[in-house]
Every structure is written in structure tokens, then in C-alpha cells.
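As a plain string of letters, each chain reads:
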Amino acid sequence: MFSMNLKYFMTRIFAAVLLFRVLLFPAFLSAQQPNDAIYMDKNAICIVAAYGHNSWDTYWENTLKRQNLNIGTNTTQSFALMAAAGITDKLNLLVGLPYVSTRNSAGNLLGQKGLQDFSAALKYKLFNNEGLSLHGTLGGSIPVSNYVPDFLPMSIGLHSATASARLVFNYLHKSGIYFTAHGAYTARSNVRTDRDSYQANDKIYNSDELAIPNATDGGINIGYLKNSLQATLFLERFDCVGGDHIRRNDAPYPTNDMEATNIGAYVKFQPGHFGVNARYAYTTSGRNVGQTTSLMAGILYQFSIKKSSN
Amino acid sequence: MKMKLFPVIALVGAFIVACDKDIQNPLLEPYAVSSLDENAGQWKPYILSSVSDIVVPEPKPVTDPAYLKELDSLKNYIAPRVTPENRAAVEHWGAGAVYRWNEIARELSARYNLPPASNAEGKYPVPDAANPLKDPKFPFANPPYAARALAYLSVAQFDALVTAWNYKYKFNRKAPYKIDSGIKPLLPASDLPSYPSEAAVVAAASYTVLIAMFPGEVPYLDGKLAENKNAMIWAAMSTPSDITAGDALGKAVAARVMAKAKTDGMSAANNQSRTPAMIETAKSIGIIEPWKSQESPLRPTMLPTYGEVATWNFSKETMIAMRPPKPWIVGTPEFEKDLKELQGIQKNQTREQARIANFWADGAGSYTPPAHWHRIGAEAGKDAKYSEVRMARTLALLGTAEMDAGIACWDAKHYYFTPRPQQFGVKTSVGLPNFPSYTSGHSTFSSAGATVLSYIFPERKNEFEAMALEASNSRIYGLIHYRVDCEMGVAHGKTIGGYAVQRGQTDGSGL
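Here the structure is a predicted model, which is why all the values come from computation and not from measurement. (Residues numbered from 1 in each chain as written. Chains lettered and ligands numbered in written order. Predicted model: local features only at pLDDT ≥ 70, side-chain atom pairs only at ≥ 80, totals over all residues. Heavy atoms only, no water.)

**Considerations on the overall build of chain A**
If you tally the helices and strands in chain A, you get 2 helices and 19 strands. Buried residues in chain A amount to 61% of all 310 residues. Residue pairs at least 24 apart in sequence account for 65% of intrachain contacts in chain A once pairs closer than 6 positions are excluded. (Helix = DSSP H or I, 4+ residues; strand = E, 2+ residues; numbered from the N terminus. Buried < 20%, exposed > 50% of the residue type's maximum accessible area, 1.4 Å probe, protein only. Contact = heavy atoms within 4.5 Å.)

This is the structure:
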């Protein structure tokens, strides 16, 4: 019954992976994501085109919450194409690629733009009984353009390749009310900069290699999922594993220990092949990140490449 | 279910284990020097009137029981107790004391290279040397500050080492392992006389300069001083009496050098009350639309009277005489051409232009452009296997040229007081320095540095000049300088570096 419903539900892709890649200007997301319990049926494909708009005018310089008249409001816009495909009813492939651009409303830092990172994930239903289910996701991402990683907060990403593993626990009541809890560990590769020395951890490194801290994230969702409607409230937490802190009046740096707690809501309506979705998130607390308001809206199109066998 | 979960858990574990992300600074192989520079005791010091200004007491003869006891201790007490940590310290300091203390100064410059934040009243508090760790930390190690700190550091090292070389060959006490073949040095053996210890001389001189330049770092520098001196004992390169004599000499010379530093005009280099008159002067010679801070709240220009600080290798009259000519005036076709070039790059900056701009940016949090050239000079000296004294000469010639470049460039900047491209709507991909545009500091520092290094390492002239040109262009690619700022800065820097070269040619080294 669960999977019957899912057939009609477009889903979100990659919120966690992409959201925190560019944490000072948290990104966008869309349909199915690695941290939910939603699957495409075998041979079903859903394509999503989404627009994201994230902005902040307040940020945490280490623990100091401040504004910066030489930044004003930092805005990240993204346009992403994503897809979710049912390899089997229990195994889905998710892919996505965003084009990102950044700008400030004040000061004189040059906005950056370009194709960011290609992401892919496999989600597998490990266990499912009486509405209780457990899922595992393995994913990764890789930069697809040679963008500058350390011109924060203008860089479009950190240029780190990532690999993540996630477990998702879900309970769906037959009323349509559901609860999800998820957690993940993301390994992030070191990156190369254009410089041959830099300062981090209060030290000079005579190297062009930056250590990007690994990261954990987790969250809970409470929502409603029935027929063509999905509506969810969520709480998410992201933490780097190590890293240094933005120094007093310094710029953020990719080596920073970025931390954030976000709350938000997500809705999706897909009565047929076409659907729409929208997401809102807000950073309630953080460290070395912007207090971001994140908005996303997408158009979904779902189809099947073969006649369903049943 | 357990079976299915296992791969997931295994993968997570693999991620955690596989990722050793630590960035290690490259290990440097200690080297045997290419020349002992035996006659360096006759080289001309900068601040001392002669190499006999400071008296180093005659050491005890090598047959003296007290000295023999030192040798015995090195061989039978210290050597068997050297730990792996001690060995790592020996390896580290084996790269050279001048090399390592220059690196320390660059690191401190980077750590202190942050402009103060504005306060609630919209003002920028001035760092207070008496409260160096209070926000804003003292110093703000901007390029002029770092250029000066490194110049005095290098000069103190040089004056202390030429004095040390004088006494080394006067007393001619051999290294411990030359006297007792049972003593095995952990660093390359050398015929250089070991009294006073050159490493201790450098460590003490450097320490004395750096605690004055970075007064919040005394505990950190205490640790470095002790480690450098101890490493030479662990390595059996010196006896404690070599170290003690070197320490005293280094501190005495550096005290003379810092006495000069205190009267060079730096304490008056941030005289903001002079800027209205500077703007009037600029207007009177035809500058329209003088420079305005592009920061909010408006930040006062960086060290407007740094141009009045004492120069090393030429007089103030010479400095004024060689000040670059008036730049293009806003609104002229030449100015419009330069501005258009920047607007074109802004629209279509290539990745290679961004790379060059980033590589040479040396902005906040970096060790600054003059220190970047110190790094290039120190690496060149290491590659050429220079002795401590010749490394110090290299960095003193370079360091004084860099400080002179800073002073003469700041003089030009605040004489002409010209606007940055950002006053005409141009953005930047590297961050905008808060002082007038003409001439480009990067261009001046880099060209002066390349000129000095090309004299010292003539076989690498093309390489250094190409680096300087790239550093200069980087400011166009980063969109914060007009071409005229850069081209005139390069020409100016070459002249400035030439005065340091003249000094080098007449310092008695014959090099």
C-alpha cells in the first residue's frame, strides 16, 4: 500500500547533500531526497526543474551573530535539474545538477556563477512492515566545473568531492500521517586552491591543499502523505566534524566548522504526470554560517519507461 | 535485515577511517652549506657601526675542564636521551635558523593581518600595543606593517650574524664533534667555528625583534626560542657555552636594531589628521574625484603617513625625486581606456585570470605581499644551500627593499590620492584594500623583490621578473587596479630594488 501511494508522489532530491555544501548560502533542493522514505516504482522516472533562492543578512562569525554592511544581503540563486528513477520498487537512483549564482546587495565583492556539483545517490529499502520501514542511502557528489572554492561567501561551493551514507527510519500510519528520522555521515575530500599558502587553525600551511572537515547531519520530519499530497514539517541539524572558526572580522573559509539548525516545511502536489513542489527553510541557530532563509519551487514530471507489469 | 545493513555500516566506517585529512607542511632536508662564507665577519652591518660594537667574551679553551664537561654531557648524557620529539625538532630547525624565524614572522603576520571591525559607533578602534590581545588585536599586520617587521627582523639577523662570524673566526673554537669524534651530530657536520652559536644568535635576535613587533605572542616566541636553542644541543651542533654566548650576542644586537626602529617614524605613520591636507594637495595638482573609502562605515585610509617612515637604501630626497609621475586623470581617454579594460574583465573574467588574482592576492589573513617575497627569497636561499649569514644577507637586502618599496609606494598613494576602480562601479574578485589606488603596492613590492633576487640569483632573473609581472597583473585581473597603477608600480619598484642592489654590491661581501 505504501508503494502504491508512492507511485504518485514526486519526491525530493538531495536536500541534505546540497543544502550544506554551500552552507553559508544553503542551497536548494527538490523532489525525492536521500532522507525520506519515498520511492519511485520500478521503471518510473521523475524529472524535476527547480528554482532556489537563499539569502541571509546575518551570520555567525564563530559564535558572534552579526551583520556586515559590506555584504548587505548575500543571495544565492540556483536552477537545478534532478531526476529520480525506480531501478526496482525498492531501489531508486537519484541524480541532480545545479547551476548556482551568488551576489551581495552591498559592498564590492564580485558575484560568482557556474555549474556546481553533480550528485548521485542510491536509496534502498532495507526493511518494511506494517508502516515501519528502514532505508539506506549511499551517495556522492563531484564538482563539474573549476569554480573557485575559497572566495567565501561568494564561491558557489566548496569544490569538495563527497561520499555519504545515510539511514532513514520511517513510520507511516494509514491515516497518511508519517514520521521520519534520519542521520548521515558525509566524507568530504580536501580541495586545491589557487594559493600556495593559507592560514587556518591559527597556523600557516605552505600548501595549496585545504582540509575540508567531514560532516554529519540528521533530522526529523512529521508530515502527511496521501494520494497526491505531501506536506511536511522538518527540523535538521548539520555539524562539521572538526574544522576551525571564522576569526574576528575575517571572511569565512572552507576549513571552517560550519554548524546549523534549520526548521522548515515542504509541500508537494502531484495529481498526475505533472506536479509542483515548494520548500521553505530557516536557520534558527548556527556557527560559521549565514542565518539563511531558503525558498525553493519546482515543477515535476513523472513517467514510466515500460508498462507496469501489474 | 542485518545482512543488508552491514554494507552501509561498513561504508560509513570506511569513510571515517580512510580520510586522513591533515595537511602537513613539507619536510625540509637539512643541508650542508655550499660555502662557509669565512670572510662574512668583514661584511658591513646595517645598524651597528662595526662588527666589534658588541663584545663577545673569549671562550674557555677546549682543554678547559668546564668545556670538557660540556662535551662529556653532550656525548654521555644528552645523546642517549634524545627522544623522537627532540629529533623532529632537530630536523625542523635543521632547515636553518634564519629560514625558520623568517617563516615564524610570516606566520605571525598572517595571523595578525585582519582589519579591525567597526564598533557600535561606526568607528574603527585603533589596535593598542599595550593590550595586544584585546579586540582589535595589535598589530593589524597589514603590508606596510609586515614589510617593516620583516625588514627589522632580517637586519637584526644579519648584523648579529656578521658580528658572530667575526668572533667565530677570531676565537676559532671548533664544533663539538670536531673536537671529540665520539660525538655524532644529528645535522650535517661543518668546519664553521661554533662559538658563538649562529643558531642561538639568530634565535635571540629574532625573538627580540618579534616580541616587540607582536607583543601578544611572547609565550609562543619563548617556546620557539627555547626549542631552537635546545635543538642545537640535542643535535650536538653546539655546547651550552656556544649557545649562551650566541644568545647574549643576538639579544644585544637586536636591542640596538630595535632602538633604531623606535625612532624611524612608524609611531606617527597613522596620522589621520593629515589626510584633508593630502586631499587638497592632490586636487591642487589636478586629481579630480580623490579616493574615498568604499567600506561601510567609511574606514580611514591605511597608514597615510607611512611614506614618512625612514627608508633604508636611499634618502627621503631621493624618494621624492623618484616618485612616479602623475597618473591618468579621471575622464581622460587614457583613464577611460584603463577603466574599460577592467569592465571587460569583470564581465568575462577567465579562470586563469581568477587563478592569478587569487595566487597573488595576499589579502587579509595571508602573510602579505612583502612577506610573500620573503618566502620566495628564503626558498631560493635554501635551494642554493646558503649559509646562515648569506641567507640573512639575502633577506636583509630583500627585506629593506620591501620596506623601502612600501614607504615609497605609500608616499605616492597619499600624494596622488587617486580613486579605486570601485568608485566607478567595478567589483572585485579578491577584496578591496582600503587606501588610494596609484601606484599598485603589489607591483612595487614585487618588482623591488624581483630586482634584488635577480641580483643575488642571476641565473633565475627571468623567473623572478616573470613572477613580479604576474603579481602586478594580478591586481588588474582582480579588478582593483588600473593598468597605469601596475605599470608605474613595476617601474618604481625596479628603481627601489636597485638601491638595495647597490648596497649589496658595496657591503664588503664581494657578491
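**Focus: the interface of chain B and chain A**
Listed by partner, the interface residues are 50 residues for chain B and 48 residues for chain A. Note on chain B versus chain A: buried area summed over both sides is about 4,200 Å², and carbon and sulfur give 56% of it. Where chain B touches chain A, the interface holds 4 salt bridges. One salt bridge connects R111 of chain B with D202 of chain A, and the closest N-O pair in it is separated by 3.7 Å. In this assembly, chain B and chain A are joined by 14 residue pairs in polar contact (both at pLDDT 80 or more). Within the residue set of the side of chain B that touches chain A, elements represented by two or more residues are α1 (2-18), α4 (97-111), α13 (351-359) and α14 (369-383) of chain B. Residue classes in the side of chain B that touches chain A are distributed as 24 nonpolar, 12 polar and 14 charged. (Buried area = accessible area lost by both parts, 1.4 Å probe. Salt bridge = Lys/Arg side-chain N within 4 Å of Asp/Glu carboxyl O. Polar contact = N/O pair within 3.5 Å; in protein donor to acceptor, adjacent residues only side chain to side chain. Nonpolar A, V, L, I, M, F, W, Y, C, P; charged D, E, K, R; others polar.)

**A look at the packing of aromatic side chains**
The full count for this structure, using the stated rule, is 27 aromatic pairs over all chains. When the ring of F359 of chain B is compared with that of W360 of chain B, the centres are 5.0 Å apart and the planes differ by 80°; the resulting orientation is edge-to-face. Like W360 of chain B, F359 of chain B is buried. Through a chain of ring-to-ring contacts, three or more aromatic side chains come together here, namely W43, Y46, Y152, F158 and W312 of chain B. For K123 of chain A, the ring lying beneath its charged end belongs to Y39 of chain A, and the centroid distance is 4.8 Å. (Phe/Tyr/Trp six-rings, centres within 6.5 Å; stacked < 30°, edge-to-face > 60°. Lys NZ or Arg CZ within 6 Å of the ring centre and 35° of its normal.)

**Observations concerning the pairing of strand β18 (residues 274-287) of chain A**
Residues and elements named next belong to chain A. Judged from the 11 bridges that link them, strand β17 (residues 259-269) and β18 form a sheet pairing that is antiparallel. When the sheet's bridge partners are listed, E259 is paired in β18 with R287. Here β17 hands over to β18 after 4 residues, the two strands then running antiparallel side by side. By the bridge criterion, 9 bridges tie β18 to strand β19 (residues 293-304) in an arrangement that is antiparallel. Its bridge partner being in β19, A278 is matched across the sheet by A297. With antiparallel pairing between neighbouring strands as the criterion, β18 and β19 make up a hairpin whose turn holds 5 residues, including N288 at a positive phi of roughly 60°. (Pairing = 2+ DSSP bridges.)

**A word on the pattern of salt bridges**
Applying the stated rule across the entire model yields 37 salt bridges over all chains. The closest approach of N and O atoms between R375 of chain B and D196 of chain A, which form a salt bridge, is 3.1 Å. One end of the pair, R375 of chain B, is in helix α14; the other, D196 of chain A, is in the loop between β11 (191-192) and β12 (198-200), on a second chain. Looking at R375 of chain B, the relative accessible area reads 11%, which means it is buried. Measuring nitrogen to oxygen at the nearest pair gives 2.3 Å for the salt bridge that ties E308 of chain B to R274 of chain B. With E308 of chain B in the loop between α10 (275-284) and α11 (316-321) and R274 of chain B in the loop between α9 (240-262) and α10, the pair connects residues that are 34 residues apart, well separated along the chain. The class of E308 of chain B is partly exposed, set by a relative accessible area of 45%. Residues joined by salt bridges that share partners form a network here, namely E61, R66 and R248 of chain A together with D135 of chain B.

**Notes on the packing of α14 of chain B against helix α16 (residues 441-456) of chain B**
Axes are the key here: two packed helices are described by the angle between their axes and the distance separating the axes. All names here are of chain B. Here α14 crosses α16 at 20°, and the two axes come no closer than 9 Å. Considering their axes alone, α14 and α16 lie roughly parallel with respect to each other. Seen along the crossing, α14 lies across α16 with a hand that is right-handed. Packed against α14, whose contacting residues are P369, P370, W373, I376 and G377, the element α16 presents H442, F445, S446, G449, A450 and L453 at the interface. Per-class residue counts for the contact of α14 with α16 are 7 nonpolar, 4 polar and no charged. (Axes fitted to C-alpha atoms, helices over the stretch in contact; angles between N-to-C directions. Parallel < 35°, antiparallel > 145°, perpendicular 65-115°, else oblique. Left-handed = near helix turned anticlockwise from the far one by under 90°.)

**Remarks on the packing of α16 of chain B against helix α18 (residues 483-505) of chain B**
Residues and elements named next belong to chain B. Between α16 and α18, whose axes approach to 7 Å, the crossing angle comes to 35°. As for how α16 packs across α18, the hand of that crossing is right-handed. For the contact of α16 with α18, the class distribution of residues is 8 nonpolar, 11 polar and 1 charged.

**With respect to unusual backbone geometry**
All names here are of chain B. In this chain, Y195 is followed by P196 through a cis amide linkage whose omega measures -5°. Following the sequence through the fold, P196 ends up in the loop between α6 (176-179) and α7 (198-213). Look at the link from S296 to P297: it is a cis peptide, with omega at -10°. With a phi angle near 45°, D362 is a residue other than glycine that sits in the positive phi range. On the secondary structure map, D362 appears in the loop between α13 and α14. A positive phi angle, near 75°, is found at T368, a position not held by glycine. Structurally, T368 can be placed in the loop between α13 and α14. With a relative accessible area of 0%, T368 lands in the buried category.

Interpretation note: all reported values are geometric properties and have no functional meaning in isolation.
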